[in-house]
Amino acid sequence: MARPTPPAFDKKKIVAENRRARFDYYIEDVYEAGIVLTGTEVKSLRFGEGSIAESYAEVKNGEVWLINSNVPEFSHGNRFNHEPKRPRKLLLKEREIDRFHGAVERKGMTLVPLSVYFNGRGRAKVELALARGKNAADKRASIKERDWKRDKARIMRDHG
């Protein structure tokens, strides 16, 4: 009997999305990770602010850290407001961390965040992908394929 496919991640409210990552990288595996946040960071994310456009994740000392993600200061925060670009710890199982460490060290892959969202229970999560970089020719091929799909849909709509 075939193994059932796992359900997709329960995304109730998407806060930030890294659309550029799917263009710049071949996505191999996708994981869901919790993220350690302070109170003002959660409030800022709930207002829909935050960016992961230039961010990446790295494995340090058996922990995974989200680097260069931007969560702007909370507008109603006081002197205990957070630092916008601080590294944030990601919560993963030890087996997943070991898998990431091996893939990044041996295969030269990259950990790229695809989106930040709140799940059904109200917890902030990061969709993290194990990815391999594309070269310029691959990117041109992606653009060509995307344009052809768009033209094909236009032709089918006009003549079908």
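Within an unreviewed UniProt entry, the label attached to the protein reads SsrA-binding protein, and the organism entered is Novosphingobium nitrogenifigens DSM 19370. Word for word, the UniProt comment on the protein under Sequence similarities (unreviewed entry) is "Belongs to the SmpB family." The UniProt entry for the protein carries this comment under Subcellular location (unreviewed entry): "Cytoplasm".

Attention now goes to the side chain of S69. Of note, S69 is situated in the loop between strand 4 (63-67) and strand 5 (88-91). For S69, the side chain forms a polar contact with the side chain of R88, separated by 3.0 Å. Not counting chain neighbours up to four residues away, the residues in contact with S69 comprise S51, I52, S55, P84, K85 and R88.

Quick look at the packing of aromatic side chains now. With the rule as written, the count across this model stands at two aromatic pairs. Between Y31 and F100, the aromatic rings sit 4.8 Å apart at their centres with planes inclined by 90°, giving edge-to-face as the arrangement. Residue Y31 is found in strand 2 (residues 25-35), and its partner F100 is found in helix 3 (residues 94-106); the two are separated by 69 residues along the sequence. F100 matches Y31 in its accessibility class, with the two residues each being buried. Stacked on the ring of F118, the Lys or Arg R46 has its end atom at 4.3 Å from the ring centre.

On to the pairing of strand 7 (residues 124-133). The buried count for strand 7 comes to eight of 10 residues, which makes it a mostly enclosed element. As defined by bridge partners, strand 6 (residues 110-118) adjoins strand 7 across eight bridges and the pair is classed as antiparallel. Residue pairing in the sheet places L111 in a bridge with L130 of strand 7. What sits between strand 6 and strand 7 in their antiparallel hairpin is a turn of five residues, with G122 showing a positive phi close to 85°.

Further remarks concern the pattern of salt bridges. Under the counting rule described, the total for this entry stands at nine salt bridges. With its nearest N and O atoms 3.9 Å apart, the salt bridge here joins E28 to R132. Of this pair, E28 sits in strand 2 while R132 sits in strand 7; the two residues are 104 residues apart in sequence, bridging distant segments of the chain. Look at E28 and you get partly exposed, because its relative accessible area is 42%. Each of E41, R86 and R88 takes part in a single network of salt bridges with overlapping partners.

Right, let's talk about the nonpolar core for a bit. Ranked by size, the top nonpolar core spans 25 residues in total, and within it V64, L90, F100 and L128 carry the most contacts. Elements represented by at least two residues in this core include exactly strand 1 (13-17), strand 2, strand 4, helix 3, strand 6 and strand 7. When residues in this core are grouped by element, the largest group, four residues, is from strand 7. Other than its neighbours up to four places away in sequence, L128 contacts D29, V30, Y31, A57, V64, L90, L92, F100, L111, V112 and P113.

Conventions used here
Residues numbered from 1 in each chain as written. Predicted model: local features only at pLDDT ≥ 70, side-chain atom pairs only at ≥ 80, totals over all residues. Heavy atoms only, no water. UniProt positions renumbered as here; feature names shortened; annotations may be inferred. Helix = DSSP H or I, 4+ residues; strand = E, 2+ residues; numbered from the N terminus. Polar contact = N/O pair within 3.5 Å; in protein donor to acceptor, adjacent residues only side chain to side chain. Contact = heavy atoms within 4.5 Å. Phe/Tyr/Trp six-rings, centres within 6.5 Å; stacked < 30°, edge-to-face > 60°. Buried < 20%, exposed > 50% of the residue type's maximum accessible area, 1.4 Å probe, protein only. Lys NZ or Arg CZ within 6 Å of the ring centre and 35° of its normal. Pairing = 2+ DSSP bridges. Salt bridge = Lys/Arg side-chain N within 4 Å of Asp/Glu carboxyl O. Core = buried A, V, L, I, M, F, W, Y, C linked by side-chain atoms within 4.5 Å.

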